[in-house]
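The chain contents come next:
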Amino acid sequence: MRPLIVIGNWKMNGSLASNERWIKAVCKGMEQGMPAGRQFAVCPSTPYLAQCSALIQKCSLAFMSLGAQDVSPHVSGAYTGEVSASMLKELACSYVIVGHSERRQMHHETDELIAEKALQALDHGITPVICVGESFDERNSGRAVEVVRSQIAKQVTVLQDRLADCLIAYEPLWAIGTGKVASAELAQDMHRAIRLQLAEFDEDVASHVGILYGGSVKPDNAVELFAMPDIDGGLIGGASLSPQDFLAICQA
Ligand code: PGA
């Protein structure tokens, strides 16, 4: 049985003061009771990881952890601006997002680079959250499944059965930050297609991998999405900035 996992992606938002308020409010809300068997995490911007790590450790809830928004594909060395997986591990990061569509688009990240980043994370005991998804035009031209299949295929080639220790986030680009959420049925169809593709490689990997949905998840659509058999949780952008909305989605 795969656990339900909800991960907040704050993107380039936050401040020392607002992060502290958020973590205190969410921990307090979670202490009042969360459905059993779920895992939650929040991914702040890199400069805030140490602060958020300390605050999360202080509230010591076994099911609430920290994630990062990106990681270097390199171990260490002359890579100005990069952050290594060992640094994230020292800050107690349990997850790292790789291949978010904003990085694919704005920083020209390729599937090969994303797989290298995922490998670095895995080598340091951090769960990579590998993002895939099609654009509006790709969906409209009937190529959504083909596009996502090719993104997944590259990950399978590089990561092989280590994919069992990864999470995949299906995030259709047309649904990110637009308020246009994919219907639960549409999302389920793509999640199913991803799982079937993984099963072509290895049935065991396919049944273990958590596949999260991301793109305009809100408290009022989370219940329907999370009820789908192949949707194992969510990667939440905008709505994760509000502690109340994040808690409501975690409870969905
Ligand atoms: P959104 O972002 O929830 O604001 O649509 C999701 C994401 O980019 O991970």
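Structure: above.
In short, a report on the structure. (Residues numbered from 1 in each chain as written. Predicted model: local features only at pLDDT ≥ 70, side-chain atom pairs only at ≥ 80, totals over all residues. Heavy atoms only, no water.)

To continue, consider the sheet that holds strand β8 (residues 233-236). Ordered by their spatial adjacency, eight strands build a closed barrel running β1-β2-β3-β4-β5-β6-β7-β8, and the pairing between neighbours is parallel. Recorded for the sheet is a direction-independent mean angle of 25 degrees between the axes of neighbouring strands. Bridge count between strand β2 (residues 38-43) and strand β3 (residues 64-68): three bridges; the pairing is parallel. Bridge assignment links F40 to a residue of β3, and that residue is M64. Docked against the sheet, helix α7 (residues 144-159) engages β5 (127-132) and β6 (167-170), running at close to 150 degrees with respect to β5. Lying on the sheet, helix α11 (residues 243-251) is in contact with β1 (4-9), β2 and β8; it crosses β1 at an angle near 160 degrees. (Pairing = 2+ DSSP bridges. Helix = DSSP H or I, 4+ residues; strand = E, 2+ residues; numbered from the N terminus. Axes fitted to C-alpha atoms, helices over the stretch in contact; angles between N-to-C directions. Contact = heavy atoms within 4.5 Å.)

Our focus in this paragraph is the packing of aromatic side chains. Tallying each qualifying case throughout the model produces four aromatic pairs. Here W10 and W22 contribute two aromatic rings whose centre-to-centre distance is 4.9 Å and whose plane-to-plane angle is 80 degrees, an arrangement assigned as edge-to-face. One end of the pair, W10, is in the loop between β1 and α1 (16-31); the other, W22, is in helix α1, and twelve residues separate them in sequence. We note that W10, like W22, is buried. For W22, a relative accessible area of 3% translates into the label buried. An aromatic cluster is built from W10, W22 and F246, whose rings are joined through pairwise contacts. (Phe/Tyr/Trp six-rings, centres within 6.5 Å; stacked < 30°, edge-to-face > 60°. Buried < 20%, exposed > 50% of the residue type's maximum accessible area, 1.4 Å probe, protein only.)

Turning our attention to the environment of I176. In this fold, I176 is placed in the loop between β6 and α8 (184-201). For the pair I176 and V98, spaced 78 residues apart in the sequence, the C-alpha separation amounts to 16 Å. Excluding its chain neighbours within four sequence positions, the residues that come into contact with I176 are K11, H100, S101, E102, E171 and G215.

Right, let's talk about the site of the ligand for a bit. Near the ligand, the surroundings consist of N9, K11, H100, E171, A175, I176, G177, G215, S216, L235, G237 and G238. Between K11 and the ligand, the recorded distance is 2.6 Å, taken from a side-chain N or O atom to an oxygen atom. Contact with the protein chains hides 96% of the accessible area of the ligand, taken as 280 Å² for the molecule alone. Class assignment of the residues belonging to the shell around the ligand gives a composition of three nonpolar, seven polar and two charged. (Near = heavy atom within 4 Å. Polar contact = N/O pair within 3.5 Å; in protein donor to acceptor, adjacent residues only side chain to side chain. Areas by Shrake-Rupley, 256 points an atom, 1.4 Å probe, with all protein chains shown as cover. Nonpolar A, V, L, I, M, F, W, Y, C, P; charged D, E, K, R; others polar.)

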